[in-house]
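# Structure assessment
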Amino acid sequence: MARTPEPVDIPEPDSLEGFPHPRETEILYGHQQAEDALRQAFMAGRLHHAWLVTGPAGIGKATLAYRFARFLLKYGDPRVAEGTGVSTLHVPPEDPVFRRIAARGHANVLTLRKPWDDRAKKFKTVLTVDEVRRTSAFFGMKAGEGGWRICIVDTADDMNANAANALLKVLEEPPAQTVFMVLANHPGRLLPTIRSRCRQLPLTPLSHDQLLSAVHGHLGDMADGDMEAIARLAQGSVGRALLLAGGGGLELYRELFTVMSSLPRPDIPAIHALADKLARRGADQSYAMFRELLSDWLVRMVRQAAGGPAMTDEVIAGEADVMNRLAAGAPLDRWVEVWENTARNAERADALNLDRKQVILGTFAALETAARG
């Protein structure tokens, strides 16, 4: 009995509105070394049953995993692949394997991720043990297409303790012709026993030129200055670049810069306008983006104040001068403390479902206090 393909009418936690999902993405920017490692292991008949694909969020881990799944399901046997002379993992979009995986219609691919809570109308906060237990049915039935089966865990960081233990049990006794692609943004948080059963495949952030190519490939025509700014803010992550571009991230960063440049005499109307925008219903993505952008700003400022190299990657002209001026207003450890407290307070506010506007106003009040020395 073949496994029923995954339903296609439920939301996905790793989707960016307006952009293709990683399983629908044909081009992988960068990561040639990782791609070669997978292909060569397959061609040599030494394909490990589990790969731990690591690196910052949004740099292409899922895109690589689906790219390899398509390759593996298309060729199946190294001799078949060798006979075609393929030298990459590329499978064209018109190929039936590509189309079926893109449509979530291939019975030999299982993706484990945070499930959708239909009652609460949101994703659960963790990847649950029930989600991992789906592997029992997946591996217990005859492969729908014959040959290889691929399980993608996206991401393993999201697993709770029970889910992690359940995954470990499957990794310890893997079925034949099975490949696990275990994706992790923070592999150090995983059980050491999970890490030890996987072959490590670390991915690094894209270079500036690679990221510019990726942004251009996804966004097409765009003002050169805006594209350059988004590439700098994205820090080597295609996913973050698309999120910034599609979610008004550049405009949000400019608003943040306006407020930061007004310190230590804060622009109160600008702060309240920003807080109102981020606290309104439906602004979850913008709020999360703001937190990341503010955290990055403070990290860059601390690095600059600590005697790091002169800033050559200003997103907005005059950033370095503003950062230097603010850093000079208080001891370095004060700014480090503000950065840590900002992140801690935001996480606490999320856990307690506190009013976001008050959290934002409190954050800028703390920044004002620090700026005054």
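The shown structure was predicted, so the numbers you read here are calculated from the model rather than taken from an experiment.

Strand pairs in the sheet, formed through backbone hydrogen bonds, run parallel or antiparallel to each other. With respect to topology, five strands assemble into an open sheet ordered 2-5-6-1-7, the strand pairing being parallel. Here the strands that pair on one side only, and so sit at the sheet edges, are strand 2 (109-112) and strand 7 (199-202). In this sheet, neighbouring strand axes are inclined to one another by 20 degrees on average, regardless of whether the strands run parallel or antiparallel.

Turning our eyes to something else, we now look at the environment of Val-182. Mapped onto the fold, Val-182 is located in strand 6 (residues 178-184). Distance in space between the C-alpha atoms of Val-182 and Val-86 is 25 Å, their sequence separation being 96 residues. The residues touching Val-182, leaving out its near neighbours within four places in the chain, are Trp-51, Leu-52, Val-53, Val-153, Ala-156 and Cys-198.

With that settled, the discussion passes to the nonpolar core. The biggest cluster of nonpolar side chains holds 57 residues, and the ones touching the most others in it are Met-260, Phe-290, Trp-297, Trp-335, Phe-364 and Leu-367. The element best represented in this core is helix 14 (residues 284-305), accounting for nine residues. Look past the residues within four positions of Trp-335 in its chain and what remains in contact with it is Leu-298, Met-301, Val-302, Leu-326, Ala-327, Ala-330, Leu-367, Ala-370 and Ala-371. Ranked by size, the runner-up nonpolar core spans 34 residues in total, among them Ala-65, Tyr-75, Val-179 and Leu-203.

In the case of a regular strand, side chains alternate between the two sheet surfaces. The buried count for strand 6 comes to seven of seven residues, which makes it a mostly enclosed element. Of the two faces of strand 6, both are covered, the one formed by Thr-178, Phe-180, Val-182 and Ala-184 as well as the one formed by Val-179, Met-181 and Leu-183. Two elements, strand 1 (residues 50-54) and strand 6, share five bridges in a ladder whose sense is parallel. Counted as the bridge partner of Leu-52 is Val-182 from strand 6. Bridging between strand 5 (residues 149-153) and strand 6 involves five bridges; their strand directions are parallel.

Here the residue pair Asp-154 and Thr-155 is connected by a cis peptide bond, since its omega of -5 degrees sits within 30 degrees of zero. One can find Thr-155 in the loop between strand 5 and helix 7 (161-172). Located in the positive-phi region is Arg-104, a residue other than glycine, with phi close to 60 degrees. The topology assignment puts Arg-104 in the loop between helix 4 (96-102) and strand 2. The backbone phi angle of Gln-177 is positive, close to 50 degrees, even though this residue is not glycine.

Right, let's talk about the confidence of the model for the protein chain for a bit. In this model, the protein chain carries an average pLDDT of 89, and 94% of its residues clear a pLDDT of 70 or more. The spread of mean pLDDT over the elements of the protein chain runs between strand 4 (residues 122-123), the lowest at 81, and strand 1, the highest at 98. Counted against residues more than four places away or in other chains, residues 1-5, with its pLDDT under 50, gives 16 contacts.

Our next topic: the side chain of Arg-149. With respect to the helices and strands, the residue Arg-149 is situated in strand 5. Among the polar contacts listed, one links the side chain of Arg-149 to the backbone oxygen of Phe-139, at a separation of 3.5 Å.

In this structure the tally under the stated criterion is 16 salt bridges. Across the pair Arg-79 and Asp-77 runs a salt bridge whose closest N-O atoms are separated by 2.9 Å. Look at Asp-77 and you get partly exposed, because its relative accessible area is 23%. Between Glu-319 and Arg-300 there is a salt bridge, and its shortest N-O distance comes to 3.4 Å. Note that Glu-319 is positioned in helix 15 (residues 319-328) and Arg-300 in helix 14, a separation of 19 residues in sequence. A single burial state applies to Glu-319 and to Arg-300, both of which are buried. A network of salt bridges, in which partner residues are shared, links Arg-240, Glu-292 and Asp-296.

Our next topic: the packing of aromatic side chains. Scanning the model with the defined rule gives eight aromatic pairs in all. A centroid spacing of 5.5 Å and a plane angle of 80 degrees characterise the contact between Phe-42 and Phe-71, whose relative ring orientation is edge-to-face. Of the two residues, Phe-42 is situated in helix 1 (residues 32-43) and Phe-71 in helix 2 (residues 61-75); the sequence distance between them amounts to 29 residues. The residues Phe-42 and Phe-71 share a single accessibility class, namely buried. Ring centres of Trp-116 and Phe-123 lie 4.9 Å apart, and the angle between their planes is 75 degrees; this geometry places the pair in the edge-to-face category.

Scoring rules and cut-offs
- Residues numbered from 1 in each chain as written.
- Predicted model: local features only at pLDDT ≥ 70, side-chain atom pairs only at ≥ 80, totals over all residues.
- Heavy atoms only, no water.
- Pairing = 2+ DSSP bridges.
- Helix = DSSP H or I, 4+ residues; strand = E, 2+ residues; numbered from the N terminus.
- Axes fitted to C-alpha atoms, helices over the stretch in contact; angles between N-to-C directions.
- Contact = heavy atoms within 4.5 Å.
- Core = buried A, V, L, I, M, F, W, Y, C linked by side-chain atoms within 4.5 Å.
- Buried < 20%, exposed > 50% of the residue type's maximum accessible area, 1.4 Å probe, protein only.
- pLDDT = per-residue confidence, 0-100.
- Polar contact = N/O pair within 3.5 Å; in protein donor to acceptor, adjacent residues only side chain to side chain.
- Salt bridge = Lys/Arg side-chain N within 4 Å of Asp/Glu carboxyl O.
- Phe/Tyr/Trp six-rings, centres within 6.5 Å; stacked < 30°, edge-to-face > 60°.

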